[in-house]
Amino acid sequence: MKEFLDSSSRMRCESLLLGNVSESNYDQCEITSLVFKDVSFFEKGSIEDSVFNECIFKGASFDFNNFNNVTFLSCSFWDCTFVDGLDKVSLSFYNCKDNNEFVESLDKVSDGNESDLSIGVDYYIFSKIWPMGSQSMERLHYFTKNLFHTELFSRREIIAEIKRLKRDGLLEEAKDSNFIAINKAKISEIKNILGRE
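Every value quoted in this text rests on a predicted model; they were computed, and no experiment measured them.

### Quick notes on the overall build of the chain
- In terms of regular secondary structure, the chain is built from 5 helices and 16 strands.
- Compactness check: the chain gives a C-alpha radius of gyration of 18 Å against a globular reference of 16 Å for 197 residues, within 12% of the reference.
- Along the first, second and third principal axes, the C-alpha atoms of the chain reach 60 × 35 × 30 Å.
- Every one of the 197 residues in the chain was classed for burial, and the buried ones make up 44%.
- In the chain, the share of contacts with a sequence separation of at least 24, taken over all contacts with a separation of at least 6, comes to 35%.
- Approximately 10700 Å² of the chain is accessible, and the part contributed by carbon and sulfur atoms is 47%.
- Between the mean site of the 23 positive side-chain charges and the mean site of the 33 negative ones, the chain shows a separation of 6 Å.

### What to know about the sheet that holds strand β1 (residues 20–21)
- Read from one edge to the other, the open sheet built from 4 strands follows the order β1-β4-β8-β11, with strand pairing classed as parallel. Both edges of this open sheet fall to β1 and β11 (81–82), since each of them pairs with a single strand only.
- With 2 bridges connecting them, strand β8 (residues 61–62) and β11 associate as parallel partners. Looking at β11, one finds that serine 61 is bridged to threonine 81.

### Examining unusual backbone geometry
- Phi at serine 33 takes a positive value of approximately 55°, unusual for a residue other than glycine.
- Locating serine 33 in the fold gives a position in the loop between β2 (30–32) and β3 (35–37).
- With phi around 55°, aspartate 49 is a residue other than glycine that occupies positive phi space.
- Along the chain, the position of aspartate 49 falls in the loop between β5 (47–48) and β6 (51–53).

### So, helix α3 (residues 121–129)
- Buried within α3 are the following residues: Val121, Asp122, Tyr124, Ile125, Phe126 and Ile129.
- Along its buried surface, α3 packs onto β14 (141–143), α4 (155–167), β15 (171–173), β16 (179–182) and α5 (187–194).

### A look at the pattern of salt bridges
- The full count for this structure, using the stated rule, is 6 salt bridges.
- When salt bridges that share partners are traced, they join Asp122, Glu161, Arg164 and Asp168 into one network.

### Looking at the confidence of the model for the chain
- Mean pLDDT over the chain: 85, with 92% of residues reaching 70 or higher.
- Between residues 111–118, whose pLDDT stays under 50, and residues either more than four places distant or in other chains, the model counts 13 contacts.

### Comments concerning the packing of aromatic side chains
- If you walk through the whole model with that rule in mind, you get 28 aromatic pairs.
- Between tyrosine 26 and phenylalanine 42 the ring centres are 6.4 Å apart and the planes differ by 80°, which places this aromatic pair in the edge-to-face class. Placement of tyrosine 26 in the loop between β1 and β2 and of phenylalanine 42 in the loop between β4 (40–41) and β5 is noted, with a sequence separation of 16 residues between them. With respect to burial, tyrosine 26 and phenylalanine 42 carry one shared label: buried.
- When the centroid spacing of 5.8 Å and the interplanar angle of 65° are considered together, the rings of phenylalanine 52 and phenylalanine 57 count as edge-to-face. As far as the burial class goes, phenylalanine 52 and phenylalanine 57 line up, both buried.

Criteria and cut-off values
Every residue gets a number counted from 1 within its own chain, in the order that chain's sequence is written. Reporting of local features is limited, given that this is a predicted model, to residues whose pLDDT is at least 70; pairs of side-chain atoms are given and counted only at 80 or more, and all residues count toward the totals for whole chains, interfaces and linings. Hydrogens and water molecules were not included; the side-chain quantities draw on all heavy atoms of the structure. Here a strand is any run of E in DSSP of at least two residues, a helix any run of H or I of at least four, and the numbering for each starts at the N terminus. Both definitions apply: the radius of gyration is a C-alpha atom measure, and the globule rule equals 2.2 Å times residues to the power 0.38. Any residue under 20% of the maximum accessible area for its type is buried, any over 50% is exposed, and the rest in between are partly exposed; the area is computed with a 1.4 Å probe on protein chains only. In what follows, residue pairs with any heavy atoms lying within 4.5 Å of each other are defined as contacts. Reported accessibility uses the Shrake-Rupley method at a 1.4 Å probe radius. Residues are deemed covered only where the shown protein chains occlude them. For the purpose of charge, His is not counted, nor are the chain termini; Lys and Arg are scored as positive and Asp and Glu as negative. Charged groups are reduced to one reference atom each: NZ for lysine, CZ for arginine, CG for aspartic acid, CD for glutamic acid. At least two DSSP bridges between two strands are needed for those strands to be called paired. Salt bridges are identified by distance alone: a Lys or Arg side-chain nitrogen within 4 Å of an Asp or Glu carboxyl oxygen. The predictor attaches a confidence to each residue, called pLDDT, with possible values from 0 through 100. Only Phe, Tyr and Trp rings take part, Trp by its six-membered ring, and two of them pair if their centres are within 6.5 Å. Stacked means planes under 30 degrees apart, edge-to-face means over 60, and tilted covers everything else.

Structure below.
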């Protein structure tokens, strides 16, 4: 029956029935709005090019050696652990929370370096919000996940650039954590990045 379930329902059932998630059939999936308690993730099997969105992990353990290009958006990690001895991981975290420096520890191990980002990620982000040919921005808020529909940059590069643009004050926190917001006071700098007068 699992073939008839969407990926979120399938993972929910697997975690509840087995206490772990290890099947290798979650590649290129979006897992949304699930709560996992005391679940072990991918000690066996693997997951690639997938997104966890607004999920809550309580007492979960992860083997991130088996995660490749996985993004966590607005997820919470409470008392979670991961396998020691990671050389590097291909993970991205955006608007995530924890209670034991779980996310910060993984950001230090993650591959890629913000200073090595491809040139033009900021241009890409702002051109999506303010498309070429538009006289003005249609909206000041933009759905973050729509930025990931590109082969120009990885999700990790896009998330790292969003964090940098927030630090520089060009972007602000939106009311909904799944959106980014333009800082209206910095419109002239944004026009400069887009090469517009």
